[in-house]
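# Fold and geometry: a report
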Amino acid sequence: MESRIVIIGGVAGGMSAATRARRMNELASITVLEKTGHISFANCGLPYFISGDIKDERALFLTTPEQVAQRYRIDARVQHEVTRIDREHHRVEGVNHITGDLFSLPYDKLILAPGAAPIVPNLPGIDAVNVFVLRNIEDAERLNSYLEKSKPQQAVVVGAGFIGLEMAEALQSRGLQVTVLEKAPHALPPLDDAMGGWVEQELVHNGIALRMGQGLGAITTTNGRVSAIQTEQGESIATDLVVLAMGVRPSTKLAQTAGVVVGATGAIAVDKALRTSDPDIYAVGDATEVTQGVADFVTRIPLAGAANRHGRLAGEHAATGHSRSAASVLGTAVVRIFKLDVAMTGLSFSSAKKMGFDVERVIIHPNDHAGYYPGAKQMHLQLVYDRSNGRVLGAQAVGGAGVDKRIDVIATLLHFRGTIDDLAQLDLCYAPQFSGAKDPVHYAAFVAQNQQMGISPGVEDIQAGVQLVDVRTASEYAAGTLEGAINIPVDNLRTEHQKLDADKPTVVFCQVGIRGHLATRILKHLGFRDVRNLKGGYVQARSRIAKLPNLLPLVEVHAK
Ligand code: FAD
């Protein structure tokens, strides 16, 4: 089929579309128009170029116009910015920034993959030379050259999302003292607060100053350079540079001006074939809406995975007239922050709650592999499920190793709309270097099943007046416990339970929840009427106390 396919945007979605189109149709003419100086660059690798982990910038160029011309017969034109789509005459118009010439190009099928642009607040001083965003190679070169030439000492990063935290670490590794501002109450806002505390501890432990719950209020400039910023709360922080990592806005101007429908989310609306409201125009990637795969609502999830997969489908459809349908998107993501890996998929506990699910969660702290095999690292794993039918809704994990694998397993389960019973039965690979014979995801499912069956109810908040029992050893108790807890080690519980009141609501806890589960079972068998296991045990409680020191009655006390 001879057809003219034009693609706007030559990175994740655009190049996936272009190469798939070629593989599916040898006769089509395929042109990619990219406004920056590079196609197919690794934007996800940019923070590691800034940190110096990637030393040679050329490593970020996954391919070049010359290479795609030779291998794919794709005409990829850099520094070609499209400024208008003429739907009536099936043409795109734009500027060639190399020559300054205007161009006009016909298309039969047009694929929009223009991505998104960093959010830049409208504040006096925001255009100072030492305010940076990070989206493309040119942004990275500008920041890198400022770091080399001006030798700044201090930096403020605005936004504690994925890119903000990657940049905080990168700048710190270049020797800067870094402060991170975040408007949301905790770092990595998509995380639930039960998980966010670990991230903040890691940042602080590595010398990053945090201002959580604080937005950027104003900028002070001296001789055209930012010299300080003020938080919305009025604190002034001296700085030699600012990185804005406040999220992105879908690039929809071209589509909107051409009358292509933009949805309520502010991104381009597409159908399952990635067609926009104009059947000859497709759209993919950060500029588009997606369907959230757990709750089927339309949203924006600006991540590389969907951009690449959807680009491939749109390329095929544009080249052949058919393709498989685009699946919904779960928002599965992972990031490394110093030595901590953080991953998530599906709905958070708080969002599932807001959406009206009958939501319950499990929080456990297993090792990534068998404890007896050297190098085991603890992880914190949260599993969110619907109490009414056991359907798994989402998961988040934070730890030193293996969190990506667990979240990918659960993402696969979510894709097939699996339940905690499915998760408990998954046949996963095992050897001591990799996991336990019961994997962390199995444990999470077992705990959920126990909660659902009512045999070991969990509790997150300790109500005043409950009988609080620390079932760890006497030495663990002496090293630190929760205020008001009495100590009966789990091994003594069957003989010493008379010290407790079987009619009183009772909360037991151990280090991570495992001994607490056994203690719950023992006390229930002994006739205690209302016994609950503190979710995630002392480890979880301590993380909450570190984050919210005034949280009562979770008060940590140490033996004198
Ligand atoms: P892009 O890849 O941004 O490509 C769009 C291209 O279109 C741009 O190059 C732009 O110049 C061009 N363009 C726009 N308008 C025009 C026009 N009018 N004419 C011509 N060209 C135009 N995602 C992950 O899943 N994992 C990660 O680890 C991760 N890390 C990231 C780190 C950084 C620093 C950044 C910036 C992003 C990261 N992302 C990550 C997000 C991921 O890069 C994006 O989701 C993905 O690139 C989106 O693909 P896209 O094709 O929609 O847009």
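Note that this is a predicted model, so its numbers are computed, not measured.

## Observations concerning the overall build of the protein
- Scanning the protein from terminus to terminus reveals 16 helices and 32 strands.
- Computed over the C-alpha atoms, the radius of gyration of the protein is 27 Å, within 12% of the 24 Å expected from 2.2 N^0.38 for a compact globule of 560 residues.
- Dimensions of the protein, computed from the C-alpha atoms along their principal axes, are close to 90 × 55 × 45 Å.
- For the protein, with 560 residues in total, the buried portion stands at 52%.
- Taking contacts inside the protein between residues at least 6 apart in sequence as the whole, the part at least 24 apart equals 63%.
- A total of about 24,600 Å² of accessible surface is found on the protein, and carbon and sulfur atoms cover 52% of it.

## Observations concerning the packing of aromatic side chains
- One pass over the full model with this rule turns up three aromatic pairs.
- Taking the centre distance of 5.3 Å and the plane angle of 55° together, the rings of F132 and Y146 count as tilted. Here F132, found in strand β9 (residues 131-132), pairs with Y146, found in helix α4 (residues 137-150); they are 14 residues apart in sequence, far enough to count as distant. Each member of the pair, F132 as well as Y146, carries the same accessibility label: buried.
- For the ring pair Y443 and F446, a centre distance of 6.0 Å and an interplane angle of 80° mean the geometry is edge-to-face. Of this pair, Y443 and F446 both sit in helix α12 (residues 440-453), three residues apart, which is roughly one turn of the helix.
- Classification of Y443 as partly exposed rests on a relative accessible area of 36%.
- The partly exposed category is assigned to F446, whose relative accessible area is 25%.
- In this arrangement the basic side chain of R472 is found over the ring face of Y538, its NZ or CZ atom lying 4.3 Å from the centre.

## Some thoughts on the site of the ligand
- If you check the shell around the ligand, you find 28 residues, and the closest are G13, E34, R135, D286 and A304.
- One of the backbone nitrogen or oxygen atoms of K35 is found 3.1 Å away from a nitrogen atom of the ligand.
- V82 is positioned with one of its backbone polar atoms (N or O) 3.0 Å from a nitrogen atom of the ligand.
- For the ligand, whose unbound accessible area comes to 980 Å², protein coverage reaches 89%.
- Elements represented by at least two residues in the shell around the ligand include exactly α1 (12-24), β2 (29-34), β4 (80-86) and α8 (304-320).
- A per-element tally of the shell around the ligand places β4 first, with three residues.
- A breakdown of the residues in the shell around the ligand according to their chemical character gives 16 nonpolar, seven polar and five charged.

## Comments concerning the pattern of salt bridges
- In total, this model carries 25 salt bridges according to the counting rule given.
- Salt-bridge contacts for R58 lead to D56; the nearest nitrogen and oxygen are separated by 2.7 Å.
- Relative accessible area serves as the criterion here: at 60%, R58 is assigned to the exposed category.
- Overall, the relative accessible area of 35% leaves D56 in the partly exposed class.

## Let's talk about the nonpolar core
- The biggest cluster of nonpolar side chains holds 47 residues, and the ones touching the most others in it are L171, V180, V199 and L241.
- When sequence neighbours within four positions are dropped, the list of residues in contact with L241 reads N130, F132, L143, Y146, L147, P152, Q154, A155, V156, L171 and L176.

## Describing the sheet that holds strand β27 (residues 467-470)
- Reading across from one edge, β26-β31-β30-β27-β29 is the order of the five strands in this open sheet, with parallel pairing throughout. Two strands lie at the open edges of the sheet, namely β26 (458-459) and β29 (486-487), each paired on one side alone.
- The strands touched by helix α15 (residues 514-525) are β30 (506-509) and β31 (531-534); relative to β31, the strand with the most contacts, the crossing angle is about 175°.

## Thoughts on the packing of α1 against α8
- Axis separation between α1 and α8 bottoms out at 7 Å; the angle between their running directions is 40°. Comparing their axes, α8 and α1 come out oblique. Here α1 and α8 pass one another in a crossing that is right-handed. Along its contact with α1, which presents A12, G13, S16, A17, R20, A21 and M24, the element α8 presents A307, N308, G311, R312, G315, E316, A319 and T320.

## Focus: helix α5 (residues 162-173)
- Across its twelve residues, α5 extends 17 Å between first and last C-alpha, which sits within 8% of the 16 Å expected from 1.5 Å per residue.
- At the exit of α5 stands G175, carrying a positive phi of roughly 95°.

## Things to note about a nonpolar patch on the surface
- There is a patch of nonpolar side chains on the surface, built from Y372, Y373 and Y430 and spanning about 350 Å² of accessible area.
- Here Y372 lies in the loop between β23 (359-364) and β24 (379-386).
- Here Y372 falls in the exposed class, since its relative accessible area comes to 61%.

## Re the pairing of strand β3 (residues 75-78)
- Only one face of β3 is buried: it carries A76 and V78, and the other face, with D75 and R77, is open.
- Alignment of β2 against β3, held across four bridges, turns out to be parallel. Paired with V32 across the strands is A76, a residue of β3.

## Structural notes on the pairing of β2
- For β2, the tally of buried residues reaches five of six residues, placing the bulk of the element in the interior.
- Note: strand β1 (residues 4-8) against β2, five bridges, orientation parallel. Bridge pairing in β2 places I7 opposite V32.
- In this fold, β1 hands off to α1, which returns the chain to β2; that crossover is right-handed.

## Topic: the environment of V362
- Mapped onto the secondary structure, V362 falls in strand β23.
- Through-space distance from the C-alpha of V362 to that of L383 is 5.1 Å; in sequence the pair is 21 residues apart.
- Leave out the neighbours within four places in its chain, and V362 touches L381, Q382, L383, Y385, A444, V447, A448 and Q451.

Reading the values: rules and limits
- Residues numbered from 1 in each chain as written.
- Predicted model: local features only at pLDDT ≥ 70, side-chain atom pairs only at ≥ 80, totals over all residues.
- Heavy atoms only, no water.
- Helix = DSSP H or I, 4+ residues; strand = E, 2+ residues; numbered from the N terminus.
- Rg over C-alpha atoms; globule rule 2.2 N^0.38 Å.
- Buried < 20%, exposed > 50% of the residue type's maximum accessible area, 1.4 Å probe, protein only.
- Contact = heavy atoms within 4.5 Å.
- Areas by Shrake-Rupley, 256 points an atom, 1.4 Å probe, with all protein chains shown as cover.
- Phe/Tyr/Trp six-rings, centres within 6.5 Å; stacked < 30°, edge-to-face > 60°.
- Lys NZ or Arg CZ within 6 Å of the ring centre and 35° of its normal.
- Near = heavy atom within 4 Å.
- Polar contact = N/O pair within 3.5 Å; in protein donor to acceptor, adjacent residues only side chain to side chain.
- Nonpolar A, V, L, I, M, F, W, Y, C, P; charged D, E, K, R; others polar.
- Salt bridge = Lys/Arg side-chain N within 4 Å of Asp/Glu carboxyl O.
- Core = buried A, V, L, I, M, F, W, Y, C linked by side-chain atoms within 4.5 Å.
- Pairing = 2+ DSSP bridges.
- Axes fitted to C-alpha atoms, helices over the stretch in contact; angles between N-to-C directions.
- Parallel < 35°, antiparallel > 145°, perpendicular 65-115°, else oblique.
- Left-handed = near helix turned anticlockwise from the far one by under 90°.
- Expected span 1.5 Å × (residues − 1).
- Patch = residues over 30% accessible without salt bridge, like charges linked within 9 Å, V, L, I, M, F, W, Y side chains within 5 Å.
- Right-handed = clockwise from strand over helix to strand, strands pointing away.

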